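If you want the building blocks of each chain, they are given just below.
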Amino acid sequence: MDRLAVPRFSAADFRARAAHQPAMKAGEVFGDHRFNPGHPRLSRTDPLRDAAVLIPVVDHGDEASVLLTKRSEKLRAHSGQVAFPGGAIDATDPSPEFAALRETREEIGLGRDFIEVIGRMPDYVSGSGYRIAPVLGIVRPGFSLHLNPDEVDTAFEVPLSFLMDPANHRRGSRVWNDLEWMFYEMPYDGQRVWGVTAGILRTLYERLYA
């Protein structure tokens, strides 16, 4: 497909970019360490835990959006944070794609009949010890969400054009155990998109749109 023939932030253009994303370089690893080189938090002896998330790009014609969730305030880990639908890969999951779709249905009630999986991003290693497989999907409009209140407080959409604009990628930091931890953040309409979610979005920008 000639990308010049379709709007830059449409689902069709996103599909074409995903199909032609650059190959991984030898030894290249994406994750929080890219923003925090040499940080002691990244020195670990325990194995990484495998997880998968869906990056759900909703097809709204010329202007696609990305569907995000706000995690329940009742959760013990990462409560109240903006996230992609997803979670841990179970031993019974045959693939990261299956896990991402299963978690999406469990968390927000979005069935796979509405989702076209179009590829994956390279794994993203988080400072909290997860190796995350970001699964790329295009969502057909007309769906109804049914949020699991034990896991998700709300779900909302952000224009793809906003998230893929580097002018909206701010650098932020917090102090953990007296050490500064750097991250990206992309505030939108009262929602704070930051941390791992923003890191994955920044990686998406660098690989598909930069």
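Up top is the structure these notes are about.
Residues numbered from 1 in each chain as written. Predicted model: local features only at pLDDT ≥ 70, side-chain atom pairs only at ≥ 80, totals over all residues. Heavy atoms only, no water.

**A word on the pattern of salt bridges**
Close approach of charged atoms allows side chains of opposite charge to pair. Applying the stated rule across the entire model yields 13 salt bridges. Notably, a salt bridge pairs arginine 15 with glutamate 116, separated by 2.8 Å at the nearest N-O pair. Separated by 101 residues along the polypeptide, arginine 15 in helix α1 (residues 11-19) and glutamate 116 in strand β6 (residues 115-120) bring together distant segments of the chain. Judged by its relative accessible area of 37%, glutamate 116 is partly exposed. Across the salt bridge formed by aspartate 93 and arginine 102, the nearest N and O atoms sit 2.7 Å from each other. Per residue, the accessibility class of aspartate 93 equals that of arginine 102, and both read buried. Residues joined by salt bridges that share partners form a network here, namely Asp90, Asp93, Arg102, Glu103 and Glu106. (Salt bridge = Lys/Arg side-chain N within 4 Å of Asp/Glu carboxyl O. Helix = DSSP H or I, 4+ residues; strand = E, 2+ residues; numbered from the N terminus. Buried < 20%, exposed > 50% of the residue type's maximum accessible area, 1.4 Å probe, protein only.)

**Topic: the nonpolar core**
Of all hydrophobic cores here, the largest spans 37 residues; its most connected members are Phe14, Met164 and Leu204. Looking at this core, the elements that each hand over two or more residues are α1, β2 (49-58), β3 (65-71), β8 (130-139), β9 (152-159), α3 (160-163) and α4 (195-208). In terms of residues, this core owes the most to one element, α4, which gives 6 residues. Contacts of phenylalanine 14, omitting those with residues within four sequence positions, involve Val57, Ile118, Leu136, Ile138, Leu160, Leu204, Leu208 and Tyr209. (Core = buried A, V, L, I, M, F, W, Y, C linked by side-chain atoms within 4.5 Å. Contact = heavy atoms within 4.5 Å.)

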